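Residue-level listing of the chains:
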Amino acid sequence: MNSLNMLRQVPLLDLSREIREMKPQLLQAIEGVLDSGVFIMGTQVKEFEREAAEYLGVRHAIGLNSGTDALVIGLMAAGIGPGDEVVTTPFTFFATAEAISQVGARPVFVDVDERTGNLDVERLEAAVTASTKAIVPVHLFGQPVNMDRVAAVAKKYGLLVLEDTAQAFGAEFRGRKAGTIGDIGCFSFFPSKNLGAYGDGGLLATNDDEYAAKAAMLRAHGSKVKYHNEAVGFNSRLDELQAAILRLKLPRLEEWNESRRGAADVYRELLDGVPGIALPEAEEGTKHSFHQYTIRVLGGKRNEVQAALKRRGISTMVYYPIPVHRLPVYEALDVRLPTAERLAGEVLSLPLWPGMDREVQEHVASQLIESL
Ligand SMILES: *Cc1c(COP(=O)(O)O)cnc(C)c1O
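Residues numbered from 1 in each chain as written. Predicted model: local features only at pLDDT ≥ 70, side-chain atom pairs only at ≥ 80, totals over all residues. Heavy atoms only, no water.

## Here's the deal with the site of the ligand
- In the vicinity of the ligand lie 14 residues, with Gly67, Thr68, Asp164, Ser188 and Lys193 positioned nearest.
- At a separation of 2.8 Å, an oxygen atom of the ligand approaches a polar backbone atom of Gly67.
- The contact in question runs from an oxygen atom of the ligand to an N or O atom on the side chain of Gln167, over 2.8 Å.
- In isolation the ligand exposes 380 Å². Once the protein is present, 92% of that is buried.
- Of the residues in the shell around the ligand, the class split is four nonpolar, eight polar and two charged. (Near = heavy atom within 4 Å. Polar contact = N/O pair within 3.5 Å; in protein donor to acceptor, adjacent residues only side chain to side chain. Areas by Shrake-Rupley, 256 points an atom, 1.4 Å probe, with all protein chains shown as cover. Nonpolar A, V, L, I, M, F, W, Y, C, P; charged D, E, K, R; others polar.)

Here it is, written out as structure tokens:
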């Protein structure tokens, strides 16, 4: 997309530059897989798993079919199931809670921190009961949760920590990669994520040999040895084409995340002090991966502002318009979490992608200011 057209119509995410830049290598990698004749569980997946484990600094990385499956398989591998309670955030994509329910456990929602939208670690301990078995923090929009506080509660009560790192591949908390601090980290390669495939894909990361072995077994119909199924599992493999694509993209991830942080700095420079909005800010000691640049529009004007931006050709998104505990599927829980409910009415994610032109950001910022 050239920059004149871009100013007329600004998308939320523009992957066209990345695809244009990498197309020769991508086509070559795809051709390599076609020529190999191996499409499932071949060398591309094995090599990608090794490279991802090395990048993350973990013993095991297991390629799966999606981030959702990584959550389900991770919980199941750790033995979470019926009768168990799992403490998590209501301000997330539905898949986080869906996975907990999918394994037969009960999600217990804790209200969030107004500044980050992340699970409020100060309220975590009060949610723990005799049935609590795990905590599932979500590094929302790429901002790592305070994992020291999560770990302290987990240690005190002997709980599993499974990180939903779908939005935070490459983000860091005190020098450690998000998704490698708890017992299990779950990643998504949905195309719009920081490390995106060109289809579905996911990854489970862990330092625990037993969880890794179980997850590897569960992704292949519960079998370690073909046709010797030991458990009821899933068909949830990352495929060779996606793995080959991800192997090309992984070495660029640090640069892309740095570019996202640079774009976030530009927005701050352009929007700092503008009345009626609150800007995201990376928490101290963390490296934000800025999967989304999500502002808050105050004074009940969010929907109005979003509509005005749309008329001006600027795409934005509301992540998430309904907190998970208020979705029809969880209506019966009948809980009220005021901060999450308020944020759902305030948040607005602005266009952001690696390599975004400053000119486009200036346009977005000026249109936003005029729309307020
Ligand atoms: C994208 C996402 C998921 C699900 O990942 P899929 O690969 O789409 O299944 C789970 N949790 C969060 C927070 C996400 O953003």
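## A closer look at the sheet that holds strand E7 (residues 176-177)
- Ordered by their spatial adjacency, three strands build an open sheet running E7-E6-E11, and the pairing between neighbours is antiparallel. Taken across any chain shown, the strands that pair with only one partner, and hence form the sheet edges, are E7 and strand E11 (286-287).
- With two bridges joining them, strand E6 (residues 172-173) and E7 adopt antiparallel strand pairing. Across the sheet, residue Glu172 finds its bridge partner in E7, namely Lys177. (Pairing = 2+ DSSP bridges. Helix = DSSP H or I, 4+ residues; strand = E, 2+ residues; numbered from the N terminus.)

## Considering the UniProt feature "modified residue: N6-(pyridoxal phosphate)lysine" (unreviewed entry) in the protein chain
- Within this numbering scheme, the UniProt entry marks Lys193 as carrying the feature "modified residue: N6-(pyridoxal phosphate)lysine" (unreviewed entry).
- Among the structural elements, Lys193 can be located in the loop between strand E8 (184-188) and strand E9 (202-206).
- Look at Lys193 and you get buried, because its relative accessible area is 16%.
- Once you skip the residues sitting within four places of it in the chain, Lys193 turns out to touch Ala166, Ser188 and His291. (UniProt positions renumbered as here; feature names shortened; annotations may be inferred. Buried < 20%, exposed > 50% of the residue type's maximum accessible area, 1.4 Å probe, protein only. Contact = heavy atoms within 4.5 Å.)

## Overview of the sheet that holds E9
- In spatial order, the strands read E1-E9-E8-E5-E4-E2-E3; together these seven strands make up an open sheet with mixed pairing. In this open sheet, the two strands that pair with only one neighbour each are strand E1 (60-64) and strand E3 (106-109). For this sheet the average axis-to-axis angle between neighbouring strands, irrespective of direction, equals 25°.
- Pairing between E1 and E9: five bridges, direction antiparallel. Looking at the pairing, Leu64 lines up with Gly202 of E9. (Axes fitted to C-alpha atoms, helices over the stretch in contact; angles between N-to-C directions.)

## Some words on the pattern of salt bridges
- Per the stated rule, a full pass over the model turns up 31 salt bridges.
- Here Glu114 ties to Arg296 by a salt bridge, and the two come within 4.0 Å at their closest N and O atoms. Of this pair, Glu114 sits in the loop between E3 and strand E4 (132-136) while Arg296 sits in strand E12 (residues 293-297), placing them 182 residues apart in sequence.
- Residue Glu114 is classed as partly exposed on the basis of its relative accessible area, which comes to 34%.
- Ionic pairing is found between Arg268 and Asp272, a salt bridge with its closest N-O pair at 3.3 Å.
- Each member of the salt-bridge network shares a partner with another, and the members are Glu114, Arg296, Arg342 and Glu346. (Salt bridge = Lys/Arg side-chain N within 4 Å of Asp/Glu carboxyl O.)

## Thoughts on the nonpolar core
- Leu271, Tyr293 and Ile295 are the most contacted members of the largest nonpolar core, which totals 43 residues.
- Among the elements of the structure, helix H9 (253-271), E12, helix H10 (302-311), helix H11 (338-344), strand E13 (347-350) and helix H12 (358-371) are those that each provide at least two residues to this core.
- When residues of this core are assigned to domains, at least three map to each of domain 1 (21-251) and domain 2 (253-371).
- Leu71, Val86, Ile184 and Leu218 belong to the second-largest nonpolar core, a separate cluster that totals 25 residues. (Core = buried A, V, L, I, M, F, W, Y, C linked by side-chain atoms within 4.5 Å. Domains from an automatic or database assignment.)

## Digging into the packing of aromatic side chains
- Following the criterion strictly, the structure yields eleven aromatic pairs and no others.
- Consider the rings of Phe91 and Tyr320, whose centres lie 6.4 Å apart with planes at 90°: the pair is edge-to-face. Placement of Phe91 in the loop between strand E2 (85-88) and helix H5 (95-102) and of Tyr320 in the loop between H10 and H11 is noted, with a sequence separation of 229 residues between them. For the pair shown, Phe91 and Tyr320 are each scored as buried.
- On the numbers, 5.6 Å between centres and 65° between planes, the contact of Phe109 with Tyr330 is edge-to-face. Remark: Tyr330 occurs in the loop between H10 and H11 and Phe109 occurs in strand E3; sequence separation between them is 221 residues. In this pair, the class of Phe109 matches that of Tyr330, namely buried.
- Through successive ring pairs, a cluster of aromatic residues spans Phe48, Tyr55, Phe169, Phe187 and Phe189.
- The ring of Tyr55 carries Lys177 above its face, with NZ or CZ at 4.8 Å from the centroid. (Phe/Tyr/Trp six-rings, centres within 6.5 Å; stacked < 30°, edge-to-face > 60°. Lys NZ or Arg CZ within 6 Å of the ring centre and 35° of its normal.)

## With respect to the domain arrangement of the protein chain
- What the domain assignment lists for the protein chain is domain 1 (21-251) and domain 2 (253-371).
- The partner domain 2 presents 36 residues to the 43 residues of domain 1 that form the contact.
- Surface buried jointly by domain 1 and domain 2 totals about 3300 Å² across both partners, of which 57% is contributed by carbon and sulfur atoms.
- Ranking the residues of domain 1 by area buried against domain 2 places Phe91, Phe141 and Asn194 at the top, with a combined share of 23%.
- At the surface where domain 1 touches domain 2, the tally comes to four salt bridges. (Buried area = accessible area lost by both parts, 1.4 Å probe.)

## Here's the deal with the packing of helix H2 (residues 16-36) against helix H8 (residues 240-249)
- H8 packs onto H2 with a crossing angle of 135° between their chain directions and a minimal axis gap of 9 Å. One finds that H2 runs oblique with respect to H8. For the pair H2 and H8, the crossing hand works out as right-handed. In this structure, H2 contributes Glu18, Met22, Gln25, Leu26, Ala29, Ile30 and Val33 to the contact, and H8 contributes Glu240, Leu241, Ala244, Ile245, Leu248 and Lys249.
- Among the residues forming the contact of H2 with H8, the class breakdown is nine nonpolar, one polar and three charged. (Parallel < 35°, antiparallel > 145°, perpendicular 65-115°, else oblique. Left-handed = near helix turned anticlockwise from the far one by under 90°.)

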